[in-house]
Amino acid sequence: MSNPYIVVATMLHDQARYLPEWIEFTLLQGVDRIVIYHDSRKSPSQAGLRDRQVAEPYIQMGVLEWISWPADWMEVEKEPFGPRIWKEGNETESEAIFKDAILNDCVNPNPDRTAHLQAGCQKAAFIDVAARYRNRARWVGAWDVDEFVFGTDSPRTGVKFLDDWENHTLAKKLADAEDWDEVWVDGDIFGTNGHFTDPVGSSGAVLSQFPMVTELYKYRYAPEWRQDVSARPDIATYSWSRKALTDPRRVMTNHIHGWSKPGPDHKLLQTRFSNIRMFHYQYRSTTGCHDKAVANGNPTMEYNPVREAYFDEKEDGSLGKIAPKVREMIGRRLDMGWWKEWVPEQVDGPLVNVEEPTTSPPDICLAFTHLDPNVARLRRSISSVFHHLRTHEPSLTFETVLVTRTPLEGTDSIFDEFPIDDIKVMDPSQDDATAYETLMNMCSAPVVVSLAEGWETRTTYVEVKASDKDKTEDDSTTRLRRAITSTIVTRAISLLEHRADLLEVWIGDVPDVSAYNASRTEWIQSPGNPDDATDWYRVQGAGDDLAVFRWGGVVRDRQRWETIVNEESQTMETASGRRKREEESEEVSDENHETNDSAEKNLADLEVAHAAESSTEESAPQSIAAQETLASRAARLGLYSAHFCLGKSQPSGPMDLCAGDDGIDSDGTMGIMWRMRFVLEDGKVSGGLVDRG
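Note that the structure is predicted; figures quoted are calculated from it, not measured.

A. How the structure looks around the overall build of the chain. Looking only at helices and strands, the chain has 21 helices and 24 strands in total. Residue burial in the chain is summarised as follows: out of 693 residues, 59% are buried. Excluding contacts between residues fewer than 6 apart, the proportion of contacts in the chain whose partners are at least 24 apart in sequence is 80%. When the accessible area of the chain is evaluated, it comes to approximately 28100 Å², of which 49% is carbon and sulfur surface.

Here you go:
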């Protein structure tokens, strides 16, 4: 067998579902040999057997080398895998570095020496592959199976399909880099694209068994739009990715993202997203983030909704021509009889236990809008809400309606992923306010959960950590867990039934706006279950119309909505409604310990808060104006809004915000939902997205 030109190594466990795509993609890029170091530290399991079962045909084909690691670290020194050859002139030091890594970072790992649980064994494996292929391969690279390295003729800022990608493969780019000793490949980070669980595919024989991440994930982080995130460590720390290829004769060790101790005359080529790029599908899903955090012993890898919103920002179709070829190759393998006995592991998606409504009308209507092209935001909103309902409020039946500006034909499969009962396509010229009002008219249920684009249900995994069970009620993670597991929609419905003067209950975050504070009652104990996080609520809107109504993040009484929509006269406020509003306004005024700076400041605060709710720059003024009109109508009819105290088990006083403590919103009243908001200047989007914090 001839010596390989390019060898790529990876270390993995429980990745069978994703192996064929990654292997075929890597081979199409001109890689000659793939070395899989399979993590033997895991207990024998079906997952490990599935990995080997999927890899076996490639082993028989002669393009893949399988090593149980670190179990076989001494065996691979022998033929046919070995021997290891250490760097000329530094043989003793090179071998010592390897043995230190394999023994002290992998076989008997010291957690204080490595960044995460996998790093030590990865380092040792990649030193091993360089040593064994030192005099056989020109290039040795090392990256993970969620990283796709490819050659390109398109700079990062000029995203396009590569019609002639065969002429721009990794192998061809490396052939042009023969004068260099090492090549750094920078990577773009892709977010979950709204997937709650790792997707199992949606159509076709290939996708049904082996979901293709290069087709399913389209949105990535866009640093070219936002150069400086240094002030946001929760984003900056995870906003870059790099792997490297090297001449194995020139290196002694590896540090996962590159090769170190190369020598003073080492020639390094930094591609900087030009002729060689990498797509890193690091965050396959919300639950996938959790699985990775557990596997790596690194809680900072848990799903972070703020980071996620940034990482789903820009659509990148650079692999649009390569992915179909990968799909074709997998299809050929299937036609050849590969993987006949392989059965993929069942993955429970957000629709598990969600049943068709058995009552007519259903209990609630889930009302979504899709008014910008970003499908990831819609998928994230729908999947997180479905997850909450099927997990914490399974007794509720619901219908789902959607207003979109995106044509249904030839679009992303988002419209087929979820049981959406009714979809209306709006004319692009119609503003957001028209879309929101259309949405309400599509519902038949008596209560509407209105979700303006971008509202996402909070999700956490702190409830599965045994150590949290002993936390006190004042502990932030315990409070957050209690809030997230609350039956908030059911409780909001109960509150609407209990109080005929409520138009809606805000279940999303409520900004800390002085005008809102001035229009609120004291906290009131909720009727019903005292063990729910919704024990306390307060009413707002007395004295300030805009505190009565907002478009999304609310549970709304549909009949009362229809009343305000149909209300024409400017003088329809009843005498009793007027008296009640005046009395509550006086009560709130007496209870407040702080006064507003000025009426003008209140109005400015509200304009910023409500403008930031708008999903598009052009529609912001129209949606705000319509919101003001509807809020004024509701106020004239003596209607209010309410929200719960989720941030604490009991508010400390009338002015307690009940703020959250989960890194998203520490300044406002925490809801069970939150959304990313635009920064506005003069009513226009400026500077991209920021979170409420």
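B. Quick look at the sheet that holds strand β18 (residues 524-525). Sheet architecture is open: nine strands sit in the order β14-β13-β12-β15-β20-β17-β21-β19-β18, paired in mixed fashion. At either end of the open sheet lies a strand with only one pairing partner, and these are β14 (422-425) and β18. Bridge analysis of strand β12 (residues 364-370) against strand β13 (residues 398-404) gives seven bridges, and the strand direction is parallel. Within β13, the position partnered with phenylalanine 368 by the bridge is leucine 402. Contacts from helix α12 (residues 375-392) reach β12, β13 and β15 (447-451) within the one sheet, and its direction differs from that of β12 by about 165°.

C. A look at the pairing of strand β20 (residues 554-557). Neither face of β20 is open: one carries Val554 and Arg556, the other Val555 and Asp557, and all of them are buried. Pairing geometry for strand β17 (residues 502-506) and β20, over three bridges, is antiparallel. For glutamate 504, the partnering residue across the bridge sits in β20 and is arginine 556.

D. Representation of the environment of arginine 558 in the model. The topology assignment puts arginine 558 in helix α18 (residues 558-566). Here alanine 445 takes part through its backbone oxygen, which lies 2.6 Å from a polar atom of the side chain of arginine 558. For arginine 558, the side chain forms a polar contact with the side chain of glutamate 562, separated by 2.9 Å.

E. Structural view of unusual backbone geometry. Looking along the chain, the bond that leaves glutamate 79 and enters proline 80 is cis, with omega of 5°. Looking at the secondary structure, you find proline 80 in the loop between β3 (64-69) and α3 (91-107). Cis geometry marks the peptide bond from glycine 82 to proline 83, where omega comes out at 5°. Note on placement: proline 83 falls in the loop between β3 and α3. Phi at aspartate 14 takes a positive value of approximately 60°, unusual for a residue other than glycine. Even without glycine at this site, phenylalanine 273 takes up a positive phi of about 65°. Summarising the element assignment, phenylalanine 273 is placed in the loop between β9 (268-270) and β10 (276-280).

F. Local environment of the nonpolar core. If you look at the biggest cluster of nonpolar residues, it comprises 75 residues, and the most contacted ones within it are Ile364, Leu366, Val449, Val489 and Ile507. The dominant element in this core, judged by the number of residues it contributes, is α12, at seven residues. Grouped together as the second largest cluster of nonpolar side chains are 56 residues, Leu19, Phe25, Tyr58 and Tyr281 included.

G. Representation of the packing of α3 against helix α4 (residues 119-132) in the model. Relative orientation of the contacting elements α3 and α4 amounts to 155°, with a least axis distance of 8 Å. One way to sum up the angle between α3 and α4 is to call them roughly antiparallel. In the packing of α3 onto α4, the handedness of the crossing is left-handed. Of α4, the residues touching α3 (which contributes Ile97, Phe98, Ala101, Ile102, Asp105 and Cys106) are Gly120, Cys121, Lys123, Ala124, Ile127 and Asp128. Its residues placed into classes, the contact of α3 with α4 shows eight nonpolar, one polar and three charged.

H. Looking closely at the state of the cysteines. Scanning the entire structure with this criterion turns up three disulfides. Through a disulfide, cysteine 106 is tied to cysteine 121; the S-S separation comes to 1.8 Å. Negative torsions about the S-S bond denote left-handed disulfides, and the value of about 90° found for cysteine 106 with cysteine 121 makes this one right-handed. Of this pair, cysteine 106 sits in helix α3 while cysteine 121 is found in helix α4, placing the two residues 15 residues apart along the sequence. Using a relative accessible area of 1% as the deciding quantity, one classes cysteine 106 as buried. For cysteine 121, a relative accessible area of 0% puts it in the buried group. For cysteine 645, the disulfide goes to cysteine 658, at an S-S distance of 1.9 Å. Taking the torsion about the sulfur-sulfur bond, which here is approximately -85°, the covalent link between cysteine 645 and cysteine 658 counts as left-handed. Taken together, the residues cysteine 645 in the loop between β21 (640-644) and β22 (673-674) and cysteine 658 in the loop between β21 and β22 connect sequence positions 13 residues apart. Each member of the pair, cysteine 645 as well as cysteine 658, is classed as buried. Take the cysteines of the chain that form disulfides and number them in order along the sequence; they join up as 1-2, 3-4, 5-6.

I. Main features of the packing of aromatic side chains. Scanning all chains against the criterion turns up 23 aromatic pairs. Aromatic side chains tyrosine 221 and phenylalanine 311 sit 5.1 Å apart centroid to centroid with 65° between the ring planes, which places their arrangement in the edge-to-face category. With tyrosine 221 in the loop between β7 (219-220) and α8 (233-236) and phenylalanine 311 in helix α10 (residues 305-311), this residue pair connects regions lying 90 residues apart in the sequence. Residues tryptophan 506 and tyrosine 516 carry aromatic rings whose centres are separated by 5.7 Å and whose planes lie at 70° to one another, so their mutual orientation is edge-to-face. Here the residue tryptophan 506 occupies a position in strand β17, and tyrosine 516 occupies one in helix α17 (residues 514-517), the gap between them amounting to 10 residues. Cluster of aromatic residues (ring-pair linked, three or more members): Phe25, Phe148, Phe150, Phe190, Tyr217, Phe279 and Tyr281. When the ring centre of tyrosine 18 is taken as reference, the NZ or CZ atom of arginine 284 above it lies at 3.7 Å.

Rules used throughout
Residues numbered from 1 in each chain as written. Predicted model: local features only at pLDDT ≥ 70, side-chain atom pairs only at ≥ 80, totals over all residues. Heavy atoms only, no water. Helix = DSSP H or I, 4+ residues; strand = E, 2+ residues; numbered from the N terminus. Buried < 20%, exposed > 50% of the residue type's maximum accessible area, 1.4 Å probe, protein only. Contact = heavy atoms within 4.5 Å. Areas by Shrake-Rupley, 256 points an atom, 1.4 Å probe, with all protein chains shown as cover. Pairing = 2+ DSSP bridges. Axes fitted to C-alpha atoms, helices over the stretch in contact; angles between N-to-C directions. Polar contact = N/O pair within 3.5 Å; in protein donor to acceptor, adjacent residues only side chain to side chain. Core = buried A, V, L, I, M, F, W, Y, C linked by side-chain atoms within 4.5 Å. Parallel < 35°, antiparallel > 145°, perpendicular 65-115°, else oblique. Left-handed = near helix turned anticlockwise from the far one by under 90°. Nonpolar A, V, L, I, M, F, W, Y, C, P; charged D, E, K, R; others polar. Disulfide = S-S within 2.5 Å. Phe/Tyr/Trp six-rings, centres within 6.5 Å; stacked < 30°, edge-to-face > 60°. Lys NZ or Arg CZ within 6 Å of the ring centre and 35° of its normal.

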